[in-house]
Amino acid sequence: MTDVVITGTGLYTPEHAIDNDALVAAFNTWVAQENARNAEAIAAGECEPLADSSSEFIEKASGIKSRYVLDAEGILDPQRMRPKLPERRNDEPSIQCDMALKAATQALQTAGVDAQDIELVIVGCSNLERAYPAVAVELQDALGAQGYGFDMNVACSSATFAIETATNAIASGSVKRALVVNPEICSAHLNFRDRDSHFIFGDACTAVVLESKHVATALEQYEVLGTKLVTRFSNAIRNNAGFLNRVTDSDPLAIDKLFVQEGRRVFKEVCPLVAKLITQHLTSLALTSADLKRMWLHQANRHMNDLIARKVLGVDPDEIQAPIILDRYANTSSAGSIIAFHLHREGLVSGDIGVICSFGAGYSAGSIILQRV
(Lines give C-alpha, C1' and ligand atoms only; values in the text may rest on other atoms or scores of the structure.)
Protein backbone atom coordinates (compact mmCIF):
# COMPACT_ATOMS: atom_id res chain seq x y z
CA MET A 1 0.00 0.00 0.00
CA THR A 2 1.23 3.50 -0.85
CA ASP A 3 1.99 5.98 1.93
CA VAL A 4 -0.26 9.06 1.80
CA VAL A 5 0.63 12.61 2.82
CA ILE A 6 -1.26 15.87 3.21
CA THR A 7 0.75 18.49 1.36
CA GLY A 8 -1.50 21.54 1.28
CA THR A 9 -4.48 23.17 2.91
CA GLY A 10 -6.60 26.17 1.98
CA LEU A 11 -9.17 28.34 3.69
CA TYR A 12 -11.82 30.67 2.31
CA THR A 13 -13.20 33.10 4.89
CA PRO A 14 -16.22 35.24 3.92
CA GLU A 15 -15.74 38.99 4.18
CA HIS A 16 -18.74 39.59 6.46
CA ALA A 17 -18.37 39.08 10.21
CA ILE A 18 -21.07 39.31 12.87
CA ASP A 19 -20.04 39.61 16.49
CA ASN A 20 -22.26 38.54 19.36
CA ASP A 21 -23.43 42.07 20.15
CA ALA A 22 -24.77 42.65 16.63
CA LEU A 23 -26.43 39.24 16.51
CA VAL A 24 -28.05 39.75 19.90
CA ALA A 25 -29.29 43.23 18.98
CA ALA A 26 -31.14 41.83 15.94
CA PHE A 27 -32.52 38.88 17.91
CA ASN A 28 -33.73 41.01 20.81
CA THR A 29 -35.40 43.48 18.44
CA TRP A 30 -37.34 40.58 16.93
CA VAL A 31 -38.20 39.28 20.42
CA ALA A 32 -39.58 42.68 21.42
CA GLN A 33 -41.69 42.83 18.27
CA GLU A 34 -43.06 39.32 18.80
CA ASN A 35 -43.86 39.94 22.46
CA ALA A 36 -45.66 43.16 21.54
CA ARG A 37 -47.62 41.35 18.82
CA ASN A 38 -48.64 38.64 21.26
CA ALA A 39 -49.13 40.94 24.27
CA GLU A 40 -52.78 40.01 24.84
CA ALA A 41 -52.11 36.26 24.66
CA ILE A 42 -49.15 36.63 27.00
CA ALA A 43 -51.22 38.64 29.49
CA ALA A 44 -53.96 35.98 29.34
CA GLY A 45 -51.43 33.23 30.07
CA GLU A 46 -52.03 31.61 26.69
CA CYS A 47 -48.36 31.75 25.73
CA GLU A 48 -45.03 32.57 27.31
CA PRO A 49 -43.10 35.71 26.38
CA LEU A 50 -39.96 35.13 24.37
CA ALA A 51 -36.71 35.66 26.26
CA ASP A 52 -33.89 37.95 25.19
CA SER A 53 -30.46 36.64 24.29
CA SER A 54 -27.17 38.18 25.43
CA SER A 55 -23.53 38.17 24.40
CA GLU A 56 -22.57 36.92 27.84
CA PHE A 57 -24.95 33.96 27.54
CA ILE A 58 -23.58 33.03 24.11
CA GLU A 59 -19.93 33.15 25.12
CA LYS A 60 -20.54 31.26 28.37
CA ALA A 61 -22.57 28.56 26.62
CA SER A 62 -20.31 28.03 23.64
CA GLY A 63 -17.11 30.08 23.68
CA ILE A 64 -18.22 31.81 20.48
CA LYS A 65 -17.57 35.55 20.14
CA SER A 66 -18.09 36.12 16.41
CA ARG A 67 -18.72 34.34 13.11
CA TYR A 68 -18.11 34.87 9.38
CA VAL A 69 -21.09 34.66 7.02
CA LEU A 70 -21.74 35.03 3.29
CA ASP A 71 -24.39 37.67 4.00
CA ALA A 72 -24.76 39.67 7.21
CA GLU A 73 -27.46 42.12 6.14
CA GLY A 74 -30.23 39.56 5.80
CA ILE A 75 -29.33 37.87 9.07
CA LEU A 76 -29.33 41.13 11.01
CA ASP A 77 -32.66 42.30 9.57
CA PRO A 78 -35.26 41.52 12.28
CA GLN A 79 -37.91 41.18 9.56
CA ARG A 80 -35.88 38.53 7.71
CA MET A 81 -33.26 36.91 9.96
CA ARG A 82 -31.71 34.69 7.34
CA PRO A 83 -29.00 35.34 4.74
CA LYS A 84 -30.02 36.80 1.41
CA LEU A 85 -28.17 34.99 -1.38
CA PRO A 86 -29.43 35.67 -4.92
CA GLU A 87 -30.24 32.60 -6.99
CA ARG A 88 -27.71 31.97 -9.72
CA ARG A 89 -28.39 30.98 -13.30
CA ASN A 90 -27.50 27.51 -14.46
CA ASP A 91 -24.71 28.92 -16.60
CA GLU A 92 -23.11 30.68 -13.58
CA PRO A 93 -20.76 29.03 -11.07
CA SER A 94 -22.65 27.83 -8.02
CA ILE A 95 -22.03 29.53 -4.68
CA GLN A 96 -20.35 26.46 -3.23
CA CYS A 97 -18.18 26.06 -6.31
CA ASP A 98 -17.02 29.66 -5.94
CA MET A 99 -16.13 29.07 -2.28
CA ALA A 100 -14.41 25.80 -3.13
CA LEU A 101 -12.34 27.35 -5.92
CA LYS A 102 -10.86 29.92 -3.53
CA ALA A 103 -9.94 27.39 -0.87
CA ALA A 104 -8.74 24.80 -3.39
CA THR A 105 -6.50 27.27 -5.24
CA GLN A 106 -4.72 28.12 -1.99
CA ALA A 107 -4.31 24.45 -1.06
CA LEU A 108 -2.91 23.57 -4.49
CA GLN A 109 -0.44 26.45 -4.33
CA THR A 110 0.75 25.35 -0.90
CA ALA A 111 1.17 21.78 -2.12
CA GLY A 112 2.93 22.87 -5.30
CA VAL A 113 0.45 20.85 -7.34
CA ASP A 114 -1.18 21.78 -10.65
CA ALA A 115 -4.94 21.32 -10.72
CA GLN A 116 -4.63 19.14 -13.84
CA ASP A 117 -2.67 16.60 -11.76
CA ILE A 118 -5.59 16.07 -9.36
CA GLU A 119 -7.37 12.80 -10.16
CA LEU A 120 -10.07 12.79 -7.48
CA VAL A 121 -12.20 15.66 -6.15
CA ILE A 122 -14.47 15.15 -3.16
CA VAL A 123 -16.81 17.87 -1.92
CA GLY A 124 -18.00 17.02 1.57
CA CYS A 125 -20.29 19.25 3.61
CA SER A 126 -23.42 19.29 5.77
CA ASN A 127 -25.69 20.79 3.13
CA LEU A 128 -25.30 20.78 -0.65
CA GLU A 129 -27.05 23.53 -2.54
CA ARG A 130 -28.58 21.15 -5.06
CA ALA A 131 -29.18 17.48 -5.62
CA TYR A 132 -27.28 17.28 -8.93
CA PRO A 133 -25.11 17.74 -10.86
CA ALA A 134 -22.50 17.21 -8.13
CA VAL A 135 -20.70 20.32 -6.93
CA ALA A 136 -17.50 18.24 -6.98
CA VAL A 137 -17.86 17.62 -10.71
CA GLU A 138 -18.52 21.32 -11.26
CA LEU A 139 -15.40 22.14 -9.23
CA GLN A 140 -13.39 19.53 -11.12
CA ASP A 141 -14.36 21.24 -14.37
CA ALA A 142 -13.66 24.75 -13.04
CA LEU A 143 -10.20 23.72 -11.85
CA GLY A 144 -9.34 21.68 -14.91
CA ALA A 145 -8.74 18.62 -12.76
CA GLN A 146 -8.69 15.09 -14.17
CA GLY A 147 -10.25 11.81 -13.09
CA TYR A 148 -13.54 11.94 -11.23
CA GLY A 149 -15.38 13.72 -8.44
CA PHE A 150 -18.35 13.25 -6.17
CA ASP A 151 -20.22 14.86 -3.28
CA MET A 152 -20.71 13.35 0.15
CA ASN A 153 -22.52 14.32 3.34
CA VAL A 154 -21.76 13.04 6.81
CA ALA A 155 -22.71 16.34 8.46
CA CYS A 156 -19.90 17.73 10.64
CA SER A 157 -17.71 14.71 9.87
CA SER A 158 -17.82 15.17 6.11
CA ALA A 159 -14.19 16.35 5.94
CA THR A 160 -12.66 13.48 7.89
CA PHE A 161 -14.78 10.88 6.13
CA ALA A 162 -13.75 12.38 2.78
CA ILE A 163 -10.08 12.40 3.82
CA GLU A 164 -10.31 8.69 4.63
CA THR A 165 -11.94 8.01 1.27
CA ALA A 166 -9.23 9.96 -0.55
CA THR A 167 -6.49 8.31 1.51
CA ASN A 168 -7.78 4.86 0.63
CA ALA A 169 -7.95 5.73 -3.07
CA ILE A 170 -4.33 6.89 -3.05
CA ALA A 171 -3.07 4.05 -0.84
CA SER A 172 -4.62 1.48 -3.17
CA GLY A 173 -2.93 3.04 -6.19
CA SER A 174 -6.22 4.11 -7.79
CA VAL A 175 -5.10 7.76 -7.91
CA LYS A 176 -1.93 9.67 -7.03
CA ARG A 177 -3.44 12.97 -5.92
CA ALA A 178 -6.79 13.98 -4.45
CA LEU A 179 -8.50 17.16 -3.36
CA VAL A 180 -11.02 17.32 -0.51
CA VAL A 181 -13.09 20.52 -0.21
CA ASN A 182 -15.67 21.53 2.41
CA PRO A 183 -17.85 24.51 1.40
CA GLU A 184 -20.04 25.05 4.45
CA ILE A 185 -22.89 27.59 4.26
CA CYS A 186 -24.16 26.86 7.76
CA SER A 187 -25.96 30.20 8.08
CA ALA A 188 -28.50 28.98 5.53
CA HIS A 189 -29.79 26.14 7.73
CA LEU A 190 -29.64 27.95 11.07
CA ASN A 191 -32.80 29.21 12.81
CA PHE A 192 -31.76 32.72 13.81
CA ARG A 193 -35.00 33.01 15.82
CA ASP A 194 -34.11 30.20 18.22
CA ARG A 195 -32.47 31.55 21.37
CA ASP A 196 -30.70 28.28 22.12
CA SER A 197 -28.95 28.00 18.76
CA HIS A 198 -29.10 31.32 16.87
CA PHE A 199 -25.43 31.97 17.56
CA ILE A 200 -23.93 28.56 16.73
CA PHE A 201 -22.92 28.60 13.08
CA GLY A 202 -20.74 30.48 10.64
CA ASP A 203 -19.70 30.01 7.00
CA ALA A 204 -16.32 28.97 5.60
CA CYS A 205 -14.67 26.61 3.13
CA THR A 206 -11.58 24.46 3.59
CA ALA A 207 -9.51 22.40 1.17
CA VAL A 208 -6.94 19.63 1.62
CA VAL A 209 -4.55 18.19 -0.96
CA LEU A 210 -3.50 14.57 -0.43
CA GLU A 211 -0.78 12.84 -2.45
CA SER A 212 1.09 9.60 -2.75
CA LYS A 213 4.26 10.15 -0.77
CA HIS A 214 6.52 9.17 -3.66
CA VAL A 215 5.21 11.99 -5.89
CA ALA A 216 4.87 14.73 -3.22
CA THR A 217 7.33 17.65 -3.41
CA ALA A 218 5.95 20.10 -0.81
CA LEU A 219 8.33 21.20 1.92
CA GLU A 220 5.66 20.65 4.58
CA GLN A 221 4.12 17.19 4.57
CA TYR A 222 1.97 15.23 7.04
CA GLU A 223 1.82 11.50 6.63
CA VAL A 224 -1.55 9.89 7.28
CA LEU A 225 -0.67 7.21 9.85
CA GLY A 226 -4.24 6.00 10.07
CA THR A 227 -7.92 6.84 9.84
CA LYS A 228 -10.78 5.60 11.99
CA LEU A 229 -14.48 6.39 11.58
CA VAL A 230 -17.56 5.62 13.66
CA THR A 231 -21.30 6.28 13.30
CA ARG A 232 -24.16 5.81 15.76
CA PHE A 233 -27.73 6.71 14.84
CA SER A 234 -29.23 9.55 16.87
CA ASN A 235 -32.04 12.09 16.46
CA ALA A 236 -30.37 14.50 18.88
CA ILE A 237 -29.14 16.61 15.94
CA ARG A 238 -31.46 16.75 12.97
CA ASN A 239 -32.54 18.67 9.88
CA ASN A 240 -35.64 17.37 8.04
CA ALA A 241 -35.29 19.51 4.90
CA GLY A 242 -35.33 17.31 1.82
CA PHE A 243 -36.75 16.65 -1.60
CA LEU A 244 -39.71 14.71 -0.18
CA ASN A 245 -41.02 17.75 1.70
CA ARG A 246 -43.14 18.84 -1.26
CA VAL A 247 -44.78 15.43 -1.68
CA THR A 248 -45.43 14.83 2.01
CA ASP A 249 -47.22 18.21 2.13
CA SER A 250 -45.14 19.24 5.14
CA ASP A 251 -44.53 22.89 5.92
CA PRO A 252 -41.30 23.89 4.12
CA LEU A 253 -40.82 26.71 6.66
CA ALA A 254 -41.36 24.52 9.73
CA ILE A 255 -38.72 24.64 12.44
CA ASP A 256 -37.64 21.05 11.80
CA LYS A 257 -36.59 21.99 8.27
CA LEU A 258 -33.69 23.86 9.87
CA PHE A 259 -31.01 22.79 12.33
CA VAL A 260 -32.43 21.47 15.60
CA GLN A 261 -30.61 19.75 18.45
CA GLU A 262 -30.88 18.60 22.03
CA GLY A 263 -27.73 20.31 23.23
CA ARG A 264 -27.32 18.73 26.65
CA ARG A 265 -27.95 15.25 25.29
CA VAL A 266 -25.43 15.79 22.51
CA PHE A 267 -22.80 16.91 25.01
CA LYS A 268 -23.43 13.89 27.25
CA GLU A 269 -23.41 11.31 24.47
CA VAL A 270 -20.84 12.63 21.99
CA CYS A 271 -17.92 13.55 24.28
CA PRO A 272 -17.26 10.01 25.56
CA LEU A 273 -17.82 8.57 22.07
CA VAL A 274 -15.14 10.84 20.59
CA ALA A 275 -12.64 10.43 23.42
CA LYS A 276 -12.95 6.65 23.09
CA LEU A 277 -12.53 6.83 19.31
CA ILE A 278 -9.27 8.80 19.55
CA THR A 279 -7.88 6.66 22.38
CA GLN A 280 -8.65 3.40 20.59
CA HIS A 281 -7.24 4.78 17.36
CA LEU A 282 -3.97 5.69 19.05
CA THR A 283 -3.75 2.24 20.64
CA SER A 284 -4.32 0.55 17.29
CA LEU A 285 -1.26 2.39 15.97
CA ALA A 286 0.87 1.53 19.03
CA LEU A 287 0.66 5.15 20.20
CA THR A 288 -0.50 6.77 23.43
CA SER A 289 -1.94 10.17 24.32
CA ALA A 290 1.55 11.21 25.40
CA ASP A 291 2.59 11.00 21.74
CA LEU A 292 0.05 13.66 20.70
CA LYS A 293 1.52 17.09 20.14
CA ARG A 294 -1.64 18.64 18.69
CA MET A 295 -5.38 17.94 18.66
CA TRP A 296 -7.27 19.68 15.87
CA LEU A 297 -10.81 19.06 17.10
CA HIS A 298 -14.18 19.85 15.58
CA GLN A 299 -15.10 23.40 16.55
CA ALA A 300 -18.66 23.20 17.86
CA ASN A 301 -18.44 24.09 21.52
CA ARG A 302 -15.50 25.11 23.72
CA HIS A 303 -16.69 22.99 26.63
CA MET A 304 -16.94 19.87 24.46
CA ASN A 305 -13.43 20.36 23.10
CA ASP A 306 -11.96 20.91 26.55
CA LEU A 307 -13.66 17.81 27.94
CA ILE A 308 -12.65 15.57 25.02
CA ALA A 309 -9.04 16.74 25.12
CA ARG A 310 -8.94 16.27 28.90
CA LYS A 311 -10.28 12.72 28.60
CA VAL A 312 -7.70 11.84 25.93
CA LEU A 313 -4.67 13.65 27.36
CA GLY A 314 -5.41 13.14 31.04
CA VAL A 315 -4.69 16.82 31.75
CA ASP A 316 -6.34 20.15 31.03
CA PRO A 317 -5.29 21.11 27.49
CA ASP A 318 -3.74 24.43 26.64
CA GLU A 319 -4.55 26.25 23.43
CA ILE A 320 -1.39 24.98 21.77
CA GLN A 321 -2.28 21.34 22.41
CA ALA A 322 -5.94 21.80 21.45
CA PRO A 323 -6.29 25.07 19.49
CA ILE A 324 -9.62 26.89 19.38
CA ILE A 325 -10.86 28.82 16.36
CA LEU A 326 -14.61 28.75 17.07
CA ASP A 327 -14.35 31.97 19.10
CA ARG A 328 -14.04 33.88 15.82
CA TYR A 329 -15.37 31.37 13.24
CA ALA A 330 -18.15 29.74 15.32
CA ASN A 331 -19.20 26.24 14.27
CA THR A 332 -18.43 25.80 10.59
CA SER A 333 -19.48 22.13 10.57
CA SER A 334 -17.03 19.89 8.73
CA ALA A 335 -14.66 22.79 8.01
CA GLY A 336 -13.94 23.47 11.69
CA SER A 337 -11.27 20.88 12.45
CA ILE A 338 -9.60 21.61 9.11
CA ILE A 339 -9.53 25.35 9.88
CA ALA A 340 -7.83 24.50 13.18
CA PHE A 341 -5.27 22.35 11.31
CA HIS A 342 -4.76 25.02 8.65
CA LEU A 343 -4.17 27.84 11.14
CA HIS A 344 -2.50 26.03 14.03
CA ARG A 345 0.27 23.63 13.03
CA GLU A 346 3.18 25.95 13.70
CA GLY A 347 5.94 24.62 15.91
CA LEU A 348 5.57 21.00 14.82
CA VAL A 349 8.78 19.30 13.73
CA SER A 350 9.56 16.06 11.92
CA GLY A 351 8.17 13.11 13.84
CA ASP A 352 5.53 15.09 15.74
CA ILE A 353 2.07 13.52 15.83
CA GLY A 354 -1.35 15.15 15.81
CA VAL A 355 -4.98 14.16 15.30
CA ILE A 356 -7.71 15.80 13.22
CA CYS A 357 -11.03 14.80 14.74
CA SER A 358 -14.61 15.58 13.78
CA PHE A 359 -17.90 14.81 15.48
CA GLY A 360 -21.49 15.73 14.84
CA ALA A 361 -24.90 14.73 13.59
CA GLY A 362 -25.49 11.12 12.87
CA TYR A 363 -23.80 10.65 15.29
CA SER A 364 -20.67 10.58 13.18
CA ALA A 365 -17.03 10.94 14.24
CA GLY A 366 -13.76 10.67 12.38
CA SER A 367 -10.13 10.50 13.51
CA ILE A 368 -7.18 11.19 11.20
CA ILE A 369 -3.78 10.68 12.87
CA LEU A 370 -0.92 12.52 11.17
CA GLN A 371 2.83 12.66 11.56
CA ARG A 372 4.94 15.58 10.40
CA VAL A 373 7.39 14.23 7.84
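Analysis parameters
- Residues numbered from 1 in each chain as written.
- Predicted model: local features only at pLDDT ≥ 70, side-chain atom pairs only at ≥ 80, totals over all residues.
- Heavy atoms only, no water.
- Helix = DSSP H or I, 4+ residues; strand = E, 2+ residues; numbered from the N terminus.
- Rg over C-alpha atoms; globule rule 2.2 N^0.38 Å.
- Buried < 20%, exposed > 50% of the residue type's maximum accessible area, 1.4 Å probe, protein only.
- Contact = heavy atoms within 4.5 Å.
- Areas by Shrake-Rupley, 256 points an atom, 1.4 Å probe, with all protein chains shown as cover.
- Axes fitted to C-alpha atoms, helices over the stretch in contact; angles between N-to-C directions.
- Parallel < 35°, antiparallel > 145°, perpendicular 65-115°, else oblique.
- Left-handed = near helix turned anticlockwise from the far one by under 90°.
- Nonpolar A, V, L, I, M, F, W, Y, C, P; charged D, E, K, R; others polar.
- UniProt positions renumbered as here; feature names shortened; annotations may be inferred.
- Core = buried A, V, L, I, M, F, W, Y, C linked by side-chain atoms within 4.5 Å.
- Pairing = 2+ DSSP bridges.
- Disulfide = S-S within 2.5 Å.

- Under the annotation held in an unreviewed UniProt entry, the protein chain carries the name Beta-ketoacyl-ACP synthase III and is attributed to Vreelandella vilamensis.

1. A closer look at the overall build of the protein chain
Here comes step 1: Along its length, the protein chain carries 11 helices and 13 strands.
Here comes step 2: The C-alpha radius of gyration computed for the protein chain amounts to 21 Å, which stays within 12% of the reference 21 Å derived for 373 residues, consistent with globular compactness.
Here comes step 3: When the backbone C-alpha atoms are referred to their principal axes, the protein chain occupies close to 75 × 55 × 35 Å.
Here comes step 4: Across the 373 residues that make up the protein chain, the buried fraction comes to 54%.
Here comes step 5: By sequence separation, contacts in the protein chain at least 24 residues apart represent 78% of the contacts at least 6 residues apart.
Here comes step 6: Accessible surface, the protein chain: about 16,600 Å² in total, of which carbon and sulfur atoms supply 50%.

2. Overview of the side chain of Lys 257
Here comes step 1: With respect to the secondary-structure elements, Lys 257 resides in the loop between strand S9 (237-238) and strand S10 (260-261).
Here comes step 2: Using a relative accessible area of 9% as the deciding quantity, one classes Lys 257 as buried.
Here comes step 3: Aside from chain neighbours lying at most four places away, what touches Lys 257 is Asn 239, Asn 240, Ala 241, Asn 245, Ser 250, Asp 251 and Pro 252.

3. A look at the environment of Phe 27
Here comes step 1: Relative to the helices and strands, Phe 27 is located in helix H1 (residues 20-37).
Here comes step 2: Separated by 111 residues in sequence, Phe 27 and Glu 138 place their C-alpha atoms 37 Å apart.
Here comes step 3: Beyond its immediate sequence surroundings of up to four residues, Phe 27 is in contact with Ala 51, Asp 52, Ser 53, Met 81, Phe 192, Arg 193, Asp 194, Arg 195 and His 198.

4. Overview of the packing of helix H5 (residues 95-111) against helix H6 (residues 135-143)
Here comes step 1: Taken N-terminus to C-terminus, the directions of H5 and H6 make an angle of 55°; their axes are 10 Å apart at the nearest point. As far as their axial angle goes, H6 and H5 are oblique. For the crossing formed where H5 meets H6, the hand is right-handed. On H6, the residues touching Gln 96, Cys 97, Ala 100, Leu 101, Ala 104 and Leu 108 of H5 are Val 135, Glu 138, Leu 139, Ala 142 and Leu 143.
Here comes step 2: Looking at the contact of H5 with H6 residue by residue, the classes come out as nine nonpolar, one polar and one charged.

5. Side note on the UniProt feature "domain: Beta-ketoacyl-[acyl-carrier-protein] synthase III C-terminal" (unreviewed entry) in the protein chain
Here comes step 1: Per the UniProt entry, the sites bearing "domain: Beta-ketoacyl-[acyl-carrier-protein] synthase III C-terminal" (unreviewed entry) are residues 285-371 in this numbering.
Here comes step 2: What you have in residues 285-371 is 29% helix and 25% strand, and the ends, taken at the C-alpha atoms, are 12 Å apart.

6. Observations regarding the nonpolar core
Here comes step 1: Within the largest apolar cluster, 53 residues are counted, with the highest numbers of intra-cluster contacts made by Ile 278, Leu 292, Met 295 and Phe 359.
Here comes step 2: Of all the elements in the fold, those that place two or more residues in this core are H1, helix H8 (263-284), strand S11 (292-297), helix H9 (302-313), strand S12 (353-360) and strand S13 (364-372).
Here comes step 3: Ranked by residue count, the leading element in this core is H8, at nine residues.
Here comes step 4: Setting aside residues no more than four positions away along its own chain, Leu 292 makes contact with Ile 278, Leu 282, Val 312, Leu 313, Ile 353, Gly 354 and Val 355.
Here comes step 5: If you look at the next biggest cluster of nonpolar residues, it comprises 35 residues, including Val 180, Tyr 222, Ile 338 and Ile 356.

7. Here we look at the sheet that holds strand S8 (residues 222-231)
Here comes step 1: The strand order across the open sheet formed by nine strands is S5-S4-S6-S7-S1-S8-S13-S12-S11, and the pairing between neighbours is mixed. Each of the sheet's edge strands pairs with one partner strand only, and the pair in question is strand S5 (148-152) and S11. Averaged over neighbouring strand pairs, the angle between their axes works out to 25° when direction is ignored.
Here comes step 2: Summarising the sheet, strand S6 (residues 177-185) and strand S7 (residues 203-212) pair through nine bridges and their orientation is antiparallel.

8. Overview of the environment of Pro 78
Here comes step 1: With respect to the helices and strands, Pro 78 occurs in the loop between helix H4 (73-76) and H5.
Here comes step 2: The class for Pro 78 is buried, based on a relative accessible area of 17%.
Here comes step 3: Note: C-alpha distance between Pro 78 and Ala 41 (37 residues apart in sequence) is 22 Å.
Here comes step 4: Other than its neighbours up to four places away in sequence, Pro 78 contacts Ala 26, Thr 29, Trp 30, Gln 33 and Arg 193.

9. Some thoughts on the state of the cysteines
Here comes step 1: The full count for this structure, using the stated rule, is zero disulfides.
Here comes step 2: Cysteine Cys 156 is unpaired, with the sulfur of Cys 186 as its nearest cysteine sulfur at 7.0 Å.
Here comes step 3: Assessed through its relative accessible area of 11%, Cys 156 is described here as buried.

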